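Below, each chain spelled out in residue letters.
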Amino acid sequence: MVAAGAALADEVGLAGLTMGLLAERVGVRTPSLYKHVSGQENLNRRIAALALSEAADAVGGAVQGYAGRDALAAAARAFRAFVLAHPGRYAATLGMEPSGPDDPLAAASRRLLDAFTAVLRGYEIAESDVNHALRMLRSLCHGFATLQAANGFQWSTDIDESFEWLIAFTDRGLRAV
């Protein structure tokens, strides 16, 4: 049920995802959904956990065997590709906070954070600056990918070229810290 909800969110946007629309998509009556999820909030939370887990798999797999700029580029490209392929499910992750340490959302979030932390090991970043660097990476990758997904780059310069420029700029910045 969650996978179907996530796929539907990618099609219609998270804001357009409703229990009624999901029920129609999977061929059941809306009350039948409540055997699987307790409501819209629970569905969105479970979609967010799925999305974070999938993003962690994508980024973690992409950086394996790489370090430094190569790891940064692999992580950024994998994250961007995930957001572009799954804009609805990624939207579910925004502002969603884990209810506790055992929440699947917390575990998936840690896995994604660990993948980006692995990227930073290829740079000489002081331990006291790692959280700042992680926030910067998230802001850059999230910002670019969500703007692109929302068709926010409507001028003629090639988007892929701009993304590669962002990776190179970030690499230079991380090396200068």
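Whatever comes next refers back to the structure up there.
Computed from a prediction, not measured in an experiment: that's the story for all the values here.

Our focus in this paragraph is helix α2 (residues 19-26). All of the buried residues along α2 are M19, L22 and A23. Projection of α2 onto a plane perpendicular to its axis shows the buried side chains occupying an angular sector of 100°, all on one side. Where α2 is buried, its residues contact α1 (2-12), α3 (30-33) and α4 (40-63). Phi turns positive, to about 80°, at G27, one or two residues after α2.

A word on the packing of aromatic side chains. Summed over all chains, the structure comprises six aromatic pairs. Ring centres of F144 and F153 lie 4.8 Å apart, and the angle between their planes is 40°; this geometry places the pair in the tilted category. With respect to class, F144 is no different from F153; both count as buried. Summarising the aromatic geometry, the rings of F153 and W155 are spaced 5.7 Å apart at their centres and angled 80° between planes, so their arrangement reads as edge-to-face. Taking relative accessible area as the criterion, W155 reaches 56% and is therefore assigned exposed. Here the aromatic residues F144, F153, W155 and F163 are joined through ring pairs into a cluster of three or more.

Parameters at a glance
Residues numbered from 1 in each chain as written. Predicted model: local features only at pLDDT ≥ 70, side-chain atom pairs only at ≥ 80, totals over all residues. Heavy atoms only, no water. Buried < 20%, exposed > 50% of the residue type's maximum accessible area, 1.4 Å probe, protein only. Helix = DSSP H or I, 4+ residues; strand = E, 2+ residues; numbered from the N terminus. Arc of directions from axis to C-beta. Contact = heavy atoms within 4.5 Å. Phe/Tyr/Trp six-rings, centres within 6.5 Å; stacked < 30°, edge-to-face > 60°.

Bear in mind that shape data such as this cannot, by itself, settle questions of function.
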